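In case you want the letters, here they are:
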Amino acid sequence: MKIAVIGLGFVGLSLTSVLASKGNNVIGIDVDVEKCKKIRSGIAPFFEPDLEKMLRIGLKKKLTITDDFSLVKDCDMIFVAAGTPQKSNGAIELSMIKKAVTSIGRVLAKSKKSPIVLIKSTVIPGTMQNVILPILERRSGKKAGREFGLISNPEFLQESSAIRDTKFPHVIVLGGYQTKFMKKAKSFFSKLHPNVSITITNHQTAEMIKYANNSFLATKISFINQLSNICQNIPGANIDDIAKTIGLDPRIGALFLNAGPGYGGSCLPKDMKALINFADRIGTNPTLLNAVEKTNQNQMENIISLIEKKLGKIASKRITILGTAFKPNTDDVRDSIAIELIKKLLKKKAKITIYDPKAMRNTMKIFEGKIVYAKSITDALNKSQCAIMMIHWKQFEALNNNSIKHMKRKFIIDCRRILSKKELDAEYYAIGIGKKE
Ligand code: NAD
């Protein structure tokens, strides 16, 4: 069996590497020639724990990395994991996936195989039926369900645990018609992930499952953030004790209850916006989803208000941002709250210094010479008038009175309560902990 994976980003490269490391005959395809070159030489183009190790094992077995779509012609399964970013109005941008399936269709036209095309990219309900299927049938001159299979197969991995999640998914979703191709896909996944539940449904439900998943997670985050704001006004109240305790209730669950500066990253913000835009378009007013988004935006405004309350005018104040990736253990800064916060503070003419253990290069691509890039935490805090800890990198736990001694004003906003148990000689504010006056 030959497997192609189209689009070698977080989702596609993780899948490619895991499948290849298990000895499958895999062809990873991306339009980015430089990216392909890097991957071929065993270097992951972004930081993701264990990815490089898995990739190198795969490269020693039967893995080919290329920008040449014609190799798809001998494949039995073709996974598509091209990006689906958002437009300025929040709607989903389908140009990359349209191009990818157009290329697949052209190759299918000349192929003798009857492969299964599986769409892993997140797409709004109706995209398979109304966009992807017509492109594939038109370009290939073949009929879906008879000459090739077409299955919605949304992905649920999280960056920073992408390899583990790809190896051990919590569920497999297969959407489409009940054809011989669906049977084959089911058998493939049951062998690959024995004991993992498989949901078989239609295309539009499979597409909606992905949005239901991410919008629920975003709702949990905005819920705990709103509670953390209430706690901040109850002297001595601690959001972590509350989150830990309600998380023990099996009806609630412990994950995604970590209060902070709001959700960011390459998925939750864009998927929320796409779902809201879609709901509006089909005539359903998404009141709860709108409130979740608004709560998320307010979270960052609250940080800015606190800075202004303490420092007065922000212009020419030296502010340090610790952590610019959208979460720890990744170098991904797409839609990171820290990046949005820096943009807002720069508009107010603050002087920004940043430090992140992995995301310096990606942050530099955005801000170039507009901010200062420190070599260490201590370096970042030197002469600073305010430090904001945005995400919980393990390294930040070592911060102590010695590391802050050269701050011009020892004013710290700890969005993740990393230092809440330390006796710091500083004006210390932790999101979700009521300050005892
Ligand atoms: P990414 O931006 O990291 O990677 C996408 C890749 O597709 C890039 O390497 C790009 O060069 C390539 N590409 C673009 N157009 C192409 C084309 N026509 N042919 C071949 N390759 C092409 O994206 P990602 O984060 O891996 O996400 C991919 C999809 O999976 C998105 O729809 C996303 O919403 C979804 N998803 C992402 C995550 C995540 O945590 N990143 C999790 C679940 C689902």
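Residues numbered from 1 in each chain as written. Predicted model: local features only at pLDDT ≥ 70, side-chain atom pairs only at ≥ 80, totals over all residues. Heavy atoms only, no water.

Trainee: Tell me about the overall build of the protein, residues and numbers included.
Mentor: In terms of regular secondary structure, the protein is built from 14 helices and 14 strands. For 437 residues, the compact-globule formula gives about 22 Å, and the C-alpha radius of gyration of the protein, at 24 Å, lands near that figure. Dimensions of the protein, computed from C-alpha atoms along their principal axes, come out at roughly 75 × 45 × 40 Å. In the protein, which comprises 437 residues, the proportion classed as buried is 53%. (Helix = DSSP H or I, 4+ residues; strand = E, 2+ residues; numbered from the N terminus. Rg over C-alpha atoms; globule rule 2.2 N^0.38 Å. Buried < 20%, exposed > 50% of the residue type's maximum accessible area, 1.4 Å probe, protein only.)

Trainee: Now, about helix 12 (residues 337–347): what can you tell me, with residues and values included?
Mentor: Within helix 12, burial applies to I337, A338, I339, L341, I342 and L345. Positive phi appears at K349, one or two residues downstream of helix 12, with a value of about 70 degrees.

Trainee: An account of the sheet that holds strand 11 (residues 372–373) is needed here, citing residue identities and associated values.
Mentor: Spatially, 11-10-9-12-13-14 is the arrangement adopted by the 6 strands of the open sheet, whose pairing is parallel. Of all strands in the sheet, those with a lone pairing partner are strand 11 and strand 14 (427–430), marking the two edges. Strand direction decides the pairing type here: strand 12 (residues 386–389) and strand 13 (residues 411–414), joined by 3 bridges, are parallel. Its bridge partner being in strand 13, M389 is matched across the sheet by D414. (Pairing = 2+ DSSP bridges.)

Trainee: So what about the site of the ligand? Which residues, and what values?
Mentor: Taken together, 27 residues surround the ligand, and among them D30, K35, T84, E159 and K270 come closest. F10 has a polar backbone atom sitting 3.0 Å from an oxygen atom of the ligand. In the model, a nitrogen atom of the ligand is placed 3.5 Å from a nitrogen or oxygen of the S266 side chain. For the ligand, whose free accessible area comes to 830 Å², the fraction covered by protein is 90%. Breaking the shell around the ligand down by element, the ones donating at least two residues are helix 1 (10–21) and helix 4 (95–110). Per element, the largest residue contribution to the shell around the ligand is 3 residues, and it comes from helix 4. Residue classes in the shell around the ligand are distributed as 12 nonpolar, 7 polar and 8 charged. (Near = heavy atom within 4 Å. Polar contact = N/O pair within 3.5 Å; in protein donor to acceptor, adjacent residues only side chain to side chain. Areas by Shrake-Rupley, 256 points an atom, 1.4 Å probe, with all protein chains shown as cover. Nonpolar A, V, L, I, M, F, W, Y, C, P; charged D, E, K, R; others polar.)

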